[in-house]
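Working through the structure, step by step
Read off the chains here:
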Amino acid sequence: MKKILIFAGTTEGRICAEKLSSYGISMDVCVATLYGKEMIAPSKYINILEGRLDIADIKELLEKNDYLLIIDATHPYATNVSKNIKEANVKGLPYLRIKRESLNSDYGTYFDNYDEMILKLKDTKGNILLTTGSKELNRFASEEALRSRLYVRVIPGEESLRLLSEAGIEREKIIAIQGPFSVNLNKALMEQYDIKVLVTKESGTAGGFKEKIDAAKEEGVSCFILRRPEADQKEEGISLNEAVETVLKKYGIEKKTKISLIGIGMDGARTLTLEAKQAIEEAGIIYGAGRMVDSVAYLNEKADFNKMYLSEEIAADIKKQLDKDLTKEKEIAILYSGDTGFYSGAAKMRDRLLADEDISKRIDLKTLPGITSLSMMAARCNISYEDIKIISSHGVSNDIWEKNLRSGLKENRSIFLITSGTEDVRKIMDIVSHEDKSYQIYIGKNLSYDDEEIRVLDLEDINENEDILSREGLYSVVIKRVPDIMKDRDNETYQERHEKNTDDLKILGIRDEEFIRDDKTPMTKEEVREIIVSKLRLRDHQLFFDIGSGTGSIAIQAAMVKNIEVYAVEEKKEACLLIEKNIKKFALDNIKVFNDRASGILDSFPRPDAVFIGGSGGELEDILEKLRLKKEDQHDKIRVVISTVTLETEMEIYDLINKYELEDLDIVEVNISKARKLGRYNLMKAENPIKIISFKL
């Protein structure tokens, strides 16, 4: 079977290649840059040719290969490329030009060329957001009056960044990010950089033209728009779907309607996977319950939205659409809350569609998972759930789910419950309150929504927290035995150990799950934490600084190992509150918490004996210099330990090592793998490698 040749370089080119490859059609795809290559999903049917081609290169390519046809999906402004493809096509192969829909706006000023646009830009004031790419950047950057005002948004490719550097654009004025961009994201960028003028091309729907113009209009930002080249305006073309259909007919392949069963997570606005987001953006018909449809409507203004949720109703409507050939150029998305495999109607929908032979032969069905309420709740409460018992009271008779709950409590299992509302939560509390063991109850209300609320309660606290059950919402509940949370491996609380003041206190080995955590604050993992504390070589009655303390795990581990004084320095207020909670939990009185940047508060501190820097906020050199100045003489050494997972910080540390006179330099790379249970097997899962660098300053 002959291959086809696609000249990509646009969103349409990527989508065209990926759609045709799904039908088993082999192709060569030409892209100009490595970034263009990386954007195309790997497939055994796609051979990517990277690099810019002139007429001679294209002729040679066509002579060496026996192609069925050529698809030109290059950018509408790359008219020279299209011209070269046509001139090189001496064999007269069928040529399909995918042409973007042209969008005009009554907001903004249009220009036929860059020269007249730049001339007019000089008469404006304020910051300029340039979104025309990097190729024409020098036209703007060469003008001294404009360069200092430019903020340039480009795709994060090596070539683009190189051109920006050569043009003298300052790093803080480079916005390297891959689209598509929503109106809200465009507005946020305009507000962030105080943009007064937007410079863009009339790039059509796929280029995000409408979203840029709408954002500028709402923000009161002037728009300078480069009109499409005359050659592109005159050229005939077809749509992406028409191109795909033409190729399939050439191969005698019946085009199937793509249907995606999509788990949109807890809240479609913020918890969609990238794959799900793309499927929704490309869909022409979208089904789902009203709340779900409304939550993703911002992603696709052109789709036909159908607020249905019953599988038989949706299947009947899809069959009607197929019979009328209304899905010829439309993909279908069916939305489900949470995950498609977790108490979801997706399984019933899938069975119904595949059971109907007339429907199944005409569709390509795919399931895209989402985020479950279980995984979301576990993340919010910082608990693992590999051994948790799952119970649903939603749509289940009271006798059944209550029996399952009591059974789980007797098994001393951690339990997760999906509920139908406040009445179920109250019943859960009542059942647990009659047990003769102590429990903590985690209540999650409206997870991931703006009014999300998480409470961690002891049973005796329920009356004081009645407000969380004062109105209906989406409730999830986790029940855990108190000893599983509050006690160490000897089943003795840290408070009890501290009061006894035995040698057992001065040991390592605090497990990660024993710290109170949240989903925003980083924490040094158990094995790495023990190495770091060992490298600090602490002695009794020393003063130790933990800079960038996070959850306070290093500060607490160190404070328990030695009779020392600890200063925990953390910039984020919510992290400081978390440190205070952990200090209280571990019953420590030798840690002081400082909510400030290290560079701003170190001058007021006394000289430390040892310092751990887990986060420097980009001020590592300043911190080390302030520590160096605290030494009384050259023999007065301060022990410093630094950890890093990023290459940038690592290179900065190496530069500082060469700058300062250091003693006892020790560099260790730690690679840790931990066993994870999979069925009856234990599989090793690698953590991120960490560099631990210690020395005397």
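Numbers given for residues are sequential positions, taken from 1 along each chain in its written order. Given that the model is predicted, a residue must reach a pLDDT of at least 70 before its local features are reported, and side-chain atom pairs must reach 80 or more before they are shown or counted; all residues, however, enter totals for whole chains, interfaces and linings. The basis for every side-chain value is the complete set of non-hydrogen atoms in the structure, without hydrogens or water.

Our next topic: the overall build of the protein chain. Numbering of helices and strands runs from the N terminus, with a helix taken as a DSSP run of H or I at least four residues long and a strand as a DSSP run of E at least two residues long. Within the protein chain one finds 28 helices and 30 strands. With the C-alpha coordinates of the protein chain rotated into their principal frame, the extents come out at 90 × 75 × 50 Å. A total of 697 residues make up the protein chain; the buried ones form 48% of that total. By definition in these notes, contact holds between two residues if any of their heavy atoms fall within 4.5 Å. Contacts spanning at least 24 positions in sequence make up 68% of the contacts within the protein chain whose residues lie at least 6 apart. For the protein chain, the accessible area works out to roughly 34,700 Å², and carbon and sulfur atoms hold 47% of it. For every residue, the accessible area obtained with a 1.4 Å probe (protein chains only) is divided by the maximum for its type, and the residue is called buried under 20%, exposed over 50%, and partly exposed between those limits. Here the open area of atoms and residues is found with the Shrake-Rupley method and a 1.4 Å probe, where only the protein chains shown may cover a residue.

Take the sheet that holds strand 12 (residues 257-263) next. Two strands pair if DSSP finds at least two bridges between them. Read across the open sheet, the 5 strands follow the order 14-13-15-12-16; overall the sheet is parallel. In this open sheet, the two edge strands, each paired with only one partner strand, are strand 14 (304-306) and strand 16 (363-368). For this sheet, the mean inter-axis angle between neighbouring strands, taken without regard to orientation, is 20°. Pairing between strand 12 and strand 16: 6 bridges, direction parallel. Pairing of Ile-262 across the sheet is with Leu-368, part of strand 16. Fitting a line to C-alpha atoms yields each axis, with helices limited to the stretch in contact; the angle taken between N-to-C directions then spans 0 to 180 degrees.

It is worth spelling out the pattern of salt bridges at this point. The working definition used for a salt bridge is a side-chain nitrogen of Lys or Arg within 4 Å of a carboxyl oxygen of Asp or Glu. Scanning all chains against the criterion turns up 44 salt bridges. Of the charged contacts in the structure, one is a salt bridge between Lys-19 and Glu-331, with a shortest N-O distance of 3.1 Å. Linking Lys-19 in helix 1 (residues 11-21) with Glu-331 in strand 15 (residues 331-336), this pair joins segments that are 312 residues apart in sequence. In terms of burial, Lys-19 and Glu-331 fall into one category: buried.

With that settled, consider the environment of Lys-348. Positionally, Lys-348 belongs in helix 16 (residues 346-355). The exposure class of Lys-348 is exposed, given its relative accessible area of 51%. For the pair Lys-348 and Glu-312, spaced 36 residues apart in sequence, the C-alpha separation works out to 9.2 Å.

Note on aromatic pairs: the rings of Phe, Tyr and Trp (six-membered ring only in Trp) are paired at centre separations within 6.5 Å, and the planes decide the class, stacked below 30 degrees, edge-to-face beyond 60, tilted for the rest. Evaluation of the coordinates by the stated rule reveals 11 aromatic pairs. Where Tyr-567 meets Phe-594, the ring centres are 5.0 Å apart and the plane angle is 55°; that geometry is what we call tilted. Here Tyr-567 is found in strand 23 (residues 565-570), whereas its partner Phe-594 is found in strand 24 (residues 591-595), with 27 residues between them in sequence. Judged by centre distance (4.9 Å) and plane angle (70°), the ring pair of Tyr-567 and Phe-605 falls under edge-to-face. Within this pair, whereas Tyr-567 is found in strand 23, its partner Phe-605 is found in the loop between helix 26 (598-601) and strand 25 (610-613), the two being separated by 38 residues in sequence.

Another aspect to go through is the nonpolar core. In this text, buried Ala, Val, Leu, Ile, Met, Phe, Trp, Tyr and Cys residues form a nonpolar core when linked through side-chain atoms within 4.5 Å. Counting 29 residues, the largest nonpolar core has Ile-532, Leu-536, Phe-544, Ile-556, Leu-588 and Ile-591 as its most contacted members. Put simply, the parts of the chain that give this core at least two residues each are helix 23 (526-536), helix 24 (553-561), strand 23, helix 25 (573-585), strand 25 and strand 30 (690-696). Among the elements that line this core, the one with the most residues is helix 24, at 6 residues. In this structure, Ala-598, Phe-605, Ile-613 and Tyr-660 belong to the second largest nonpolar core, which totals 25 residues.

Another aspect to go through is helix 15 (residues 311-323). Any helix carries an expected span of 1.5 Å times its number of residues minus one. Under the 1.5 Å per step criterion, the end-to-end length of helix 15 is 18 Å for 13 residues, consistent within 8% with the ideal 18 Å. Residues of helix 15 that are buried include every one of Ser-311, Ile-314, Ala-315, Asp-317, Ile-318, Gln-321 and Leu-322, and no others. What you see down the axis of helix 15 is that its buried residues fit within an arc of 165°, all on one side. In the core, the buried residues of helix 15 are packed alongside strand 12, strand 13 (283-287), strand 15, helix 16, helix 17 (357-360) and strand 16. What the arc describes is the spread of directions from the helix axis to the C-beta atoms.

What follows is about a nonpolar patch on the surface. Patch criteria: residues need more than 30% relative accessible area and no salt bridge. Like-charged residues are merged within 9 Å; nonpolar side chains of Val, Leu, Ile, Met, Phe, Trp and Tyr are merged within 5 Å. A surface patch of nonpolar side chains, amounting to about 320 Å² of accessible area, comprises Leu-678, Tyr-681 and Leu-683. Along the chain, Leu-678 falls in strand 28 (residues 673-678). Judged by its relative accessible area of 52%, Leu-678 falls in the exposed class.

Once that is clear, we can look at the packing of helix 1 against helix 12 (residues 240-251). Their axes nearest at 10 Å, the elements helix 1 and helix 12 cross at an angle of 30°. Put simply, helix 1 runs roughly parallel to helix 12. Considering how the two elements wind past one another, helix 1 and helix 12 form a crossing that is right-handed. Along the contact surface, helix 1 presents Glu-12, Ile-15, Cys-16, Lys-19 and Leu-20, while helix 12 presents Leu-240, Asn-241, Val-244, Val-247 and Leu-248. These descriptions rest on fixed angle ranges, namely under 35 degrees for roughly parallel, over 145 for roughly antiparallel, 65 to 115 for roughly perpendicular, and the rest for oblique. Helix crossings get a hand from a simple test, with the near helix turned counterclockwise from the far one by less than a right angle marking a left-handed crossing and a clockwise turn marking a right-handed one.

What follows deals with the sheet that holds strand 17 (residues 389-392). Spatial strand order, 17-18-21-19-20: 5 strands in an open sheet with mixed pairing. Edge positions in the sheet fall to strand 17 and strand 20 (453-458), since each of these pairs with one other strand and no more. Sheet twist, expressed as the mean angle between neighbouring strand axes with direction ignored, is 15°. Strand direction decides the pairing type here: strand 19 (residues 439-445) and strand 21 (residues 475-481), joined by 7 bridges, are antiparallel. Residue pairing in the sheet places Lys-445 in a bridge with Tyr-475 of strand 21.

Let us now look at the side chain of Arg-153. Take Arg-153: it is sitting in strand 8 (residues 150-154). Charge convention: Lys and Arg are scored as positive, Asp and Glu as negative, and His as well as the terminal groups of each chain are ignored. Within the buried core, Arg-153 has no salt-bridge partner, and the shortest N-O distance to an opposite charge, that of Glu-211, equals 8.7 Å. Polar contact is the term for a pair of N or O atoms within 3.5 Å; when the atoms are in protein, one must be able to donate a hydrogen and the other to accept it, and sequence-neighboring residues count only if both atoms are side-chain atoms. Side-chain polar atoms of Arg-153 contact the side chain of Asn-186, separated by 2.7 Å. Those residues in contact with Arg-153, other than ones at most four positions away along the chain, are Leu-129, Leu-130, Thr-131, Ile-175, Ile-177, Phe-181, Asn-186, Leu-189 and Lys-212.

The residue Asn-446 is not glycine, and still its phi comes out positive at about 50°. Among the structural elements, Asn-446 can be located in the loop between strand 19 and strand 20. Exposure remark for Asn-446: the relative accessible area of 9% places this residue in the buried category. Positive phi values are uncommon outside glycine, yet Arg-537 reaches one of about 50°. Its place among the elements puts Arg-537 in the loop between helix 23 and strand 22 (543-547). On the basis of relative accessibility, which here comes to 43%, the residue Arg-537 falls in the partly exposed class.

A word on the confidence of the model for the protein chain. Of the residues in the protein chain, 92% have a pLDDT of 70 or more, and the chain-wide mean is 85. Per residue, pLDDT captures the predictor's confidence, and it can take any value from 0 to 100. Across residues 484-507, where pLDDT falls below 50, the model places 40 contacts with residues more than four positions away in sequence or in other chains.

It is the contact of helix 23 with helix 24, at a shortest axis distance of 10 Å, that shows an interaxial angle of 55°. One finds that helix 23 runs oblique with respect to helix 24. Seen from above, helix 23 lies across helix 24 with right-handed handedness. On helix 24, the residues that touch Arg-529, Glu-530, Ile-532 and Val-533 of helix 23 are Ser-553, Ile-554, Gln-557, Ala-558 and Val-561. We call Asp, Glu, Lys and Arg charged. Ala, Val, Leu, Ile, Met, Phe, Trp, Tyr, Cys and Pro are nonpolar, and the rest, Gly among them, are polar. Looking at side-chain class alone, the contact of helix 23 with helix 24 contains 5 nonpolar, 2 polar and 2 charged residues.

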